[in-house]
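# Summary of structural features
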There are 2 protein chains.
Amino acid sequence: MTLGQKIKELRESKGMLQRQLAAKLEIGDGFLSKVEHDQKALKREHLNSISKIFDYPLEELESLWIATRIYELVKDEQSALNALKVAEEQIKYGKTHAKV
Amino acid sequence: MTLGQKIKELRESKGMLQRQLAAKLEIGDGFLSKVEHDQKALKREHLNSISKIFDYPLEELESLWIATRIYELVKDEQSALNALKVAEEQIKYGKTHAKV
DNA sequence: CTAAATTTGACCTTTTTAAGTCAAGTCTGA
DNA sequence: TCAGACTTGACTTAAAAAGGTCAAATTTAG
């Protein structure tokens, strides 16, 4: 599940049109279409609005939002999964040894 | 282990000075110092040189290089690890359903 | 101590990315 | 068929990131 898929799913579950959701987010509907196809990224602030409009947990939206960015970064890499593992270790290590 | 740490390790294992390695890479030694501390990123092409200079597998350097970028992206995120999991799924799914 | 090695901060230029818009084209279903 | 919904490609502009340099300050080893 990507963020775009999730947004589309939420939108359709309420029978809302792209135009309507786009208006609430104050963006064009062409842009929203691309967002739903993960061709463009929303601003992070938009996640708050989406969370409220659909009463869906913000944390989940944020995870999807970050994940999409990670995916964009590594999608053409042969060693994407391995790099993810390495990054995971770095994060875990960083967490325990954080410098203030 | 980060890329910077690995480069420093390789360099010192050969008793090489920053100045010497920097010259081989055709960068300034101030810049290399920052690279070793993961404050700046090398160009990807530099990995090839490093791999040859130290006879160290390129794939490992690349994984570390990508991982550092991922780390930069998520280091301030509370849900970094969770996002990584989500990204992993997206990659696995993407791999099997690649469009050409 | 002191000289060489390293680290750091400030700064710089060029390239990319972000975050859209808009209009034309395509799809869908009544 | 044909209107409304959606998708897509081309384009834009401001902001940020890439990829450094250089000199001053600091660290380290002999």
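Residues numbered from 1 in each chain as written. Chains lettered and ligands numbered in written order. Predicted model: local features only at pLDDT ≥ 70, side-chain atom pairs only at ≥ 80, totals over all residues. Heavy atoms only, no water.

## Re the nonpolar core
Core analysis: the biggest nonpolar cluster contains 56 residues, and Ile7, Ile50 and Ile70 of chain A together with Ile7, Ile50 and Ile70 of chain B have the highest contact counts within it. Beyond its immediate chain neighbours, meaning those up to four positions away, Ile50 of chain B contacts Ile7, Leu10, Leu25, Leu42, Asp55 and Leu61 of chain B. (Core = buried A, V, L, I, M, F, W, Y, C linked by side-chain atoms within 4.5 Å. Buried < 20%, exposed > 50% of the residue type's maximum accessible area, 1.4 Å probe, protein only. Contact = heavy atoms within 4.5 Å.)

## Focus on helix α2 (residues 18-25) of chain B
All names here are of chain B. Within the sequence span of α2, burial applies to Leu21, Ala22 and Leu25. Down the axis of α2, the buried side of the element spans an arc of 100°, and every buried residue falls inside it. Exposed side of α2, more than 90 degrees from the buried face: Arg19, Ala23 and Lys24 are the residues found there. Where α2 is buried, its residues meet α1 (3-13), α3 (29-36) and α4 (44-54). Two residues or fewer past α2, Glu26 is found with a positive phi of approximately 60°. (Helix = DSSP H or I, 4+ residues; strand = E, 2+ residues; numbered from the N terminus. Arc of directions from axis to C-beta.)

## Some remarks on the protein's contact with DNA strand D
Lining the immediate environment of DNA strand D, one finds 18 residues, of which Gln18, Arg19, Lys34 and His37 of chain A together with Gly28 of chain B sit closest. A share of 63% is what sugar and phosphate atoms reach among the atoms of DNA strand D within 4 Å of the protein. Contact distances for DNA strand D include 2.4 Å between a base oxygen and a side-chain N or O atom of Lys34 of chain A. For the surface near DNA strand D, the secondary structure elements donating two or more residues are α2 (18-25) and α3 (29-36) of chain A together with α3 of chain B. Top element by residues in the surface near DNA strand D is α3 of chain A. It accounts for four residues. Looking at the surface near DNA strand D residue by residue, the classes come out as three nonpolar, seven polar and eight charged. (Near = heavy atom within 4 Å. Polar contact = N/O pair within 3.5 Å; in protein donor to acceptor, adjacent residues only side chain to side chain. Nonpolar A, V, L, I, M, F, W, Y, C, P; charged D, E, K, R; others polar.)

## Thoughts on the relation of the copies chain A and chain B
For the pair chain A and chain B, the best superposition has an RMSD of 0.0 Å and corresponds to a rotation of 180° with a translation of 0.0 Å parallel to the axis. In the structure described here, the two chain copies are related by an operation that fits a two-fold rotation axis. The residues that chain A uses at the interface reappear at the interface of chain B in 100% of cases, marking a shared surface. (Least-squares fit on C-alpha atoms with pLDDT ≥ 70 in both.)

## Thoughts on the protein's contact with DNA strand C
Lining the immediate surroundings of DNA strand C are 19 residues, of which Gly28 of chain A together with Gln18, Arg19, Lys34 and His37 of chain B lie closest. Take the atoms of DNA strand C that sit within 4 Å of the protein: sugar and phosphate atoms are 64% of them. A distance of 3.1 Å separates a phosphate oxygen of DNA strand C from a polar side-chain atom of Arg11 of chain B. Arg19 of chain B is positioned such that a nitrogen or oxygen atom in its side chain is 2.2 Å from a phosphate oxygen of DNA strand C. Every element with two or more residues in the surface near DNA strand C is listed here: α3 of chain A together with α1, α2 and α3 of chain B. Of all the elements, α3 of chain B adds the most residues to the surface near DNA strand C, at four residues. A breakdown of the residues in the surface near DNA strand C according to their chemical character gives three nonpolar, seven polar and nine charged.

## Some thoughts on the interface of chain A and chain B
Tallying the contact residues gives 31 residues for chain A and 31 residues for chain B. Summing the contributions of chain A and of chain B, the shared interface buries around 2,800 Å²; its carbon and sulfur component is 66%. For the pair chain A and chain B, the interface holds four salt bridges. Summed over the shared surface of chain A and chain B, the number is six residue pairs in polar contact (both at pLDDT 80 or more). Sort the elements by how many residues they give to the side of chain A that touches chain B and helix α6 (residues 80-96) of chain A lands first, with 14 residues. (Buried area = accessible area lost by both parts, 1.4 Å probe. Salt bridge = Lys/Arg side-chain N within 4 Å of Asp/Glu carboxyl O.)

## Looking at the pattern of salt bridges
Within the structure shown, the criterion is met by 16 salt bridges over all chains. Ionic pairing is found between Glu77 of chain A and Arg44 of chain B, a salt bridge with its closest N-O pair at 2.8 Å. Linking Glu77 of chain A in the loop between α5 (58-74) and α6 with Arg44 of chain B in helix α4, this pair reaches from one chain into another. Across the pair Lys85 of chain B and Glu88 of chain B runs a salt bridge whose closest N-O atoms are separated by 3.9 Å. On the criterion of helical spacing, the pair formed by Lys85 of chain B and Glu88 of chain B is a turn pair, its members being three residues apart in helix α6 (residues 80-96). Exposure remark for Glu88 of chain B: the relative accessible area of 13% places this residue in the buried category. Because the salt bridges share partners, they merge into one network encompassing Lys85, Glu88 and Lys92 of chain A together with Lys85, Glu88 and Lys92 of chain B.

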